[in-house]
Amino acid sequence: EAEVAQSPRYKITEKSQAVAFWCDPISGHATLYWYRQILGQGPELLVQFQDESVVDDSQLPKDRFSAERLKGVDSTLKIQPAELGDSAMYLCASSLVLGQGGDTQYFGPGTRLTVL
Amino acid sequence: AQSVTQLDSQVPVFEEAPVELRCNYSSSVSVYLFWYVQYPNQGLQLLLKYLSGSTLVKGINGFEAEFNKSQTSFHLRKPSVHISDTAEYFCAVSDAGGSNYKLTFGKGTLLTVNP
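Reference entry: report on the structure contained in this document.

1. Thoughts on the overall build of chain A
A count of helices and strands for chain A gives zero helices and 11 strands. Its C-alpha radius of gyration of 13 Å places chain A within 12% of the 13 Å reference for a compact globule of 116 residues. Taking the principal axes of the C-alpha coordinates as reference, chain A spans close to 40 × 30 × 25 Å. Residues classed as buried in chain A amount to 47% of the 116 residues present. In chain A, once contacts between residues fewer than 6 apart in sequence are set aside, the share between residues at least 24 apart is 54%. Counting only carbon and sulfur atoms, one obtains 48% of the accessible surface of chain A, whose full area is about 5,600 Å². Chain A carries 10 positive and 15 negative side-chain charges, and their two centres are separated by 7 Å.

If you want it as structure tokens, here you go:
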């Protein structure tokens, strides 16, 4: 069964350093999402792509976070500089087609970030 | 704006007992509703979803949920739980008439099944 791949699974960094996470969605999935999940909370959407275009980045802290999906396939989420409050699980998800209401989002295993 | 309230942060039960995890939502428009499960240090997996039609939805692993529009609820149930059902469960909602179908999640309910 096809899965969403993410790397690294775990990342420890010091504050003010730069970090980057990678996501490879299920082949053929046009829509890609990045979520942040703080311990004890539900995931919160950071950014949503349709192919290579950003559909929603209203909750992305743009002063330090950036995301790209250059060829409309895999994606990178970057934080620079990292802050203590960025410690969380970063989840990537993909779905087949935007606009199909109720389309299932398939989640990767996540990257757990710890900022010291 | 939409919101989801999961009324119980933790639910402990004994193996083979029935369980209900409660979810209420708030929205001014029609919604789609979802339940996801998350095992430790893993991503989320869809259990079931309600889009339209029958208000009783059956999902994987013997779970089912009932959509109640008047009470704005979507409670998850299982008649007999197993140790392997121990996990975090998330209720989520999306706008059925919007343009990006963004998911809004509740804070989760930790289900612990004891022998």
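Past the structure itself, the notes keep going.
2. Considerations on the pairing of strand E12 (residues 109-114) of chain B
Residue and element names in this part refer to chain B. The alternating pattern of E12 places Thr109, Leu111 and Val113 on a buried face and Leu110, Thr112 and Asn114 on a face that is not buried. Summarising the sheet, strand E2 (residues 10-14) and E12 pair through five bridges and their orientation is parallel. Bridge pairing links Pro12 to Thr112 in E12.

3. Quick look at the state of the cysteines
As used in these notes, a disulfide is a covalent bond between sulfur atoms, one from each of two cysteines. Residues and elements named next belong to chain A. Enumeration over the complete set of coordinates arrives at two disulfides over all chains. At a sulfur-sulfur separation of 1.9 Å, the disulfide partner of Cys23 is Cys92. One disulfide, between Cys23 and Cys92, carries an S-S torsion of -70° and so falls in the left-handed class. Residue Cys23 is found in strand E3 (residues 19-24), and its partner Cys92 is found in strand E9 (residues 88-95); the two are separated by 69 residues along the sequence. The class for Cys23 is buried, based on a relative accessible area of 0%.

The rules behind each value
- Residues numbered from 1 in each chain as written.
- Chains lettered and ligands numbered in written order.
- Predicted model: local features only at pLDDT ≥ 70, side-chain atom pairs only at ≥ 80, totals over all residues.
- Heavy atoms only, no water.
- Helix = DSSP H or I, 4+ residues; strand = E, 2+ residues; numbered from the N terminus.
- Rg over C-alpha atoms; globule rule 2.2 N^0.38 Å.
- Buried < 20%, exposed > 50% of the residue type's maximum accessible area, 1.4 Å probe, protein only.
- Contact = heavy atoms within 4.5 Å.
- Areas by Shrake-Rupley, 256 points an atom, 1.4 Å probe, with all protein chains shown as cover.
- Lys, Arg positive; Asp, Glu negative; His and termini not counted.
- Charge placed at Lys NZ, Arg CZ, Asp CG, Glu CD.
- Pairing = 2+ DSSP bridges.
- Disulfide = S-S within 2.5 Å.

So far we have only geometry, and geometry alone does not tell us how the molecule works.
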